[in-house]
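Residue strings, one per chain:
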Amino acid sequence: MVGGVHRNAMDITIKALVLREVNYKESDKILTVFSQEEGKLTLSARGCRKKGSHMTAACQLLVWGEFTLYQFQGRWCVREAFAQRMFDRVRTHLDKLALASYFIEVADALAEEGQPEPGLLSLTLNCLHALDKLELPMAQVKAAFEWRAISLAGYEPQLGECSRCGKQEPEQPHLHLGEGVLHCAGCRGKLAAGGSIPLTPAALAALRHIIWGERRRMLSFQLDGEGLRRLSKAAEAYLTVKLERDFRTLDFYKGLGPD
């Protein structure tokens, strides 16, 4: 075993989350998977769509499974695949499925091919688990995922104090989306042009908890409706500004009106 990956002369065995699936030919799929050992990989899953194939369950979107791979003509191909977790409750609720699909689209956008990123994978799996098993507001899970994901990508906002007057608890706190800094409402004119989004003091405390706190306790906070609404709105805006793109799965989720 090398680096957590089981190897022989020809094969490797990894555990991975399926981020994307594309039907190919009559019975194949091209998969994008995210593994702790090898990072994001593109796989050819030959015959997985055939009736009775033992690989069918594992070669689906949002499945955590074990994949035995071999290389053929410079491409990773799936020899065996076994589903280990299907996130069943997510699959049976359209709003949860839509939000989970958004999580994996963001993970796919942030992960680099062949580059292990265990923090991002762990975050994605933990938030999928929260949707599947925990009785938490979906807006809370969504905001926590967005803030932690964009911070892992290198865009952690500066939350220690107002970036202009230095107050640790800014008056009417706002986050400047372009500069990624905290500021008082009255200090807005001292910052460069660009959008700012308001937070409540409670939302700011929750944001600091998400980003500065222990990873395992990331979701252990409570917010009232207005604070959670502002935290979620700020997370979504900050992520899309920093990544300079929209997400079709986010549009679909918002169209369901779950929050």
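Note that this is a predicted model, so its numbers are computed, not measured.

A.B. asks: I would appreciate a short explanation of the state of the cysteines in the present structure.
C.D. replies: Defined simply, a disulfide is a covalent bond joining two cysteines at their sulfur atoms. If you walk through the whole model with that rule in mind, you get zero disulfides. No disulfide involves C162; its sulfur sits 3.6 Å from that of C165, the nearest cysteine. Overall, C162 belongs to the buried group, its relative accessible area being 1%.

A.B. asks: Looking at this model, I keep getting lost on unusual backbone geometry. Mind explaining?
C.D. replies: Leave glycine aside and you will find that most residues have negative phi; peptide bonds, for their part, are mostly trans. If you check the backbone angles, L62 has positive phi at about 65 degrees while not being a glycine. Tracing the backbone through its elements, the reader meets L62 in the loop between β4 (39-45) and β5 (64-72). Here L62 falls in the buried class, since its relative accessible area comes to 3%.

A.B. asks: Help me understand the nonpolar core, please; the structure alone is not making it clear to me.
C.D. replies: Generally speaking, nonpolar side chains in soluble globular proteins are found buried as a group. In this structure, L17, F103, W147 and L231 are the most contacted members of the largest nonpolar core, which totals 61 residues. When residues of this core are traced back to their parent elements, those giving at least two are β2 (11-24), α2 (94-110), α3 (118-133), α4 (138-155), α5 (201-212), α6 (225-243) and α7 (248-256). Discounting residues that sit within four places of it in the chain, L17 has contacts with T32, V33, F34, L62, V63, W64, F87, I104, L121, T124, L125 and L128. One finds A16, F67, W76 and A81 within the second-largest nonpolar core, a separate group that totals 18 residues.

A.B. asks: So what exactly am I meant to see when it comes to the side chain of T240 here?
C.D. replies: Position of T240 among the secondary structure elements: in helix α6. Side-chain polar atoms of T240 contact the backbone oxygen of A237, separated by 3.1 Å.

A.B. asks: Honestly, the pattern of salt bridges in this entry has me stumped. Any pointers?
C.D. replies: Opposite charge on two side chains permits pairing when their charged atoms draw close. Per the stated rule, a full pass over the model turns up 15 salt bridges. One salt bridge connects R230 with E226, and the closest N-O pair in it is separated by 2.7 Å. Taken together, the positions of R230 and E226, both in helix α6 and four residues apart, correspond to about one turn of that helix. Judged by its relative accessible area of 26%, R230 is partly exposed. Through salt bridges with shared partners, a single ionic network connects K142, E146, E236 and K254.

A.B. asks: When you look at the side chain of R148 in this model, what are you seeing that I'm missing?
C.D. replies: Looking at where R148 falls in the secondary structure, it is placed in helix α4. Buried charge without a partner: R148 forms no salt bridge, and the closest opposite charge is E156, 7.8 Å away. In contact with R148, other than residues within four places in its own chain, are L123, I210, I211, G213, E214, R215 and M218.

Conventions adopted
- Residues numbered from 1 in each chain as written.
- Predicted model: local features only at pLDDT ≥ 70, side-chain atom pairs only at ≥ 80, totals over all residues.
- Heavy atoms only, no water.
- Disulfide = S-S within 2.5 Å.
- Buried < 20%, exposed > 50% of the residue type's maximum accessible area, 1.4 Å probe, protein only.
- Helix = DSSP H or I, 4+ residues; strand = E, 2+ residues; numbered from the N terminus.
- Core = buried A, V, L, I, M, F, W, Y, C linked by side-chain atoms within 4.5 Å.
- Contact = heavy atoms within 4.5 Å.
- Polar contact = N/O pair within 3.5 Å; in protein donor to acceptor, adjacent residues only side chain to side chain.
- Salt bridge = Lys/Arg side-chain N within 4 Å of Asp/Glu carboxyl O.
- Lys, Arg positive; Asp, Glu negative; His and termini not counted.

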